[in-house]
Amino acid sequence: MMKKQLTIACLLFAMTTVQAKAQNNKLLQDNHQYTGAVAKKKMYKAIYQLDSNDPKTIEKAIRNINNVLKDPRLKGHLQIELVAFSGGTEAYLKKNSQYEKPLQDLVEKGVIVAQCLNTLEEKHIAKEELFDFIGYVPSGNGELILRANEGWVIVKP
C-alpha cells in the first residue's frame, strides 16, 4: 500500500513538473512574440531632462531622442522637448561644438531645445555663449512641472 502511494505521489509530481515546463515554454514563446505596446492616442508628449554635464549623459539624451523619433508606432504622433539646466547647460555652449550639429538636427526634426534662464544667471553665462538656435525657459524645473501637469512624460536619460 505504501509503495503504491509513493508511486502515485511520484507520478503526480512528474505530471506537475511537465505541466510547469509546458507553461514556462508557453510564456517564453509568448514573450518572444511580443512586439510592444500599440499607440492608441493621437499625440504623445515627452520632455527630456538634461541636468548633467557628463558627455555620456548628453550623448545618451540625444541618442534616445533620435531613437524615439524613429519608432514607427510614434511617427507623426510625437512632440518632444529637451530642456537643459544645471550641468546640462554644457551641451548648449558654443565652446562644446561637438553637440551643435546633433542638437541642430533635433530642432530640424521638430524637437524643442530649451535652456533654463536661472542656470545662466547663477553661472554667469551670457546667451551669446550658447548656440543661436536654443530656446529659453524661465526655469528648467518650472518647465518640467508645467509639462508634467499638461500630461507630458518626463524622461531623464
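Not measured: the values here are computed from a predicted model.

Asker: Mind laying out the overall build of the protein, listing which residues take part and the relevant values?
Answerer: A count of helices and strands for the protein gives 5 helices and 5 strands. For the protein, the succession of helices and strands along the chain, N to C, is α-β-α-β-α-β-α-β-α-β. When the 157 residues of the protein are sorted by exposure, 31% land in the buried category. Summing over all exposed atoms, the protein offers an accessible surface of approximately 10,500 Å²; the carbon and sulfur share of this is 57%.

Asker: Before we move on, can you summarise the packing of aromatic side chains with the specific residues and values?
Answerer: Here the structure, examined in full by the defined rule, presents 1 aromatic pair. Between Phe 131 and Phe 133, the aromatic rings sit 5.7 Å apart at their centres with planes inclined by 0 degrees, giving stacked as the arrangement. The buried category is assigned to Phe 131, whose relative accessible area is 2%. Against the face of Tyr 136 rests Lys 127, its NZ or CZ located 4.5 Å from the ring centre.

Asker: Give a description of the layout of surface pockets that names residues and reports values.
Answerer: Empty space within the largest pocket amounts to approximately 210 Å³. The biggest single contributor to the lining of the largest pocket is strand β1 (residues 44-50), with 4 residues.

Asker: Can you tell me about the sheet that holds strand β5 (residues 153-155), naming the residues and giving the values?
Answerer: Strand order in this open sheet of 5 strands is β4-β3-β2-β1-β5, and the pairing throughout is parallel. Pairing within the sheet leaves two strands with one partner each, and these edge strands are β4 (135-137) and β5. Strand-to-strand twist across the sheet, computed as the mean angle between neighbouring axes with direction ignored, equals 30 degrees. Where strand β3 (residues 112-116) and β4 come together, 3 bridges link them in parallel fashion. Across the sheet, residue Cys 116 finds its bridge partner in β4, namely Val 137. Helix α2 (residues 55-69) rests against β1 and β2 (78-84) of the sheet, and its axis sits at about 170 degrees to β2.

The rules we used
Residues numbered from 1 in each chain as written. Predicted model: local features only at pLDDT ≥ 70, side-chain atom pairs only at ≥ 80, totals over all residues. Heavy atoms only, no water. Helix = DSSP H or I, 4+ residues; strand = E, 2+ residues; numbered from the N terminus. Buried < 20%, exposed > 50% of the residue type's maximum accessible area, 1.4 Å probe, protein only. Areas by Shrake-Rupley, 256 points an atom, 1.4 Å probe, with all protein chains shown as cover. Phe/Tyr/Trp six-rings, centres within 6.5 Å; stacked < 30°, edge-to-face > 60°. Lys NZ or Arg CZ within 6 Å of the ring centre and 35° of its normal. 1 Å grid on protein atoms, 1.4 Å probe; cavity = no way out; pocket = protein on both sides within 12 Å on 5 of 7 lines; lining within 4 Å. Points joined across faces, edges and corners; volume = space filled by probe spheres on them. Pairing = 2+ DSSP bridges. Axes fitted to C-alpha atoms, helices over the stretch in contact; angles between N-to-C directions. Contact = heavy atoms within 4.5 Å.

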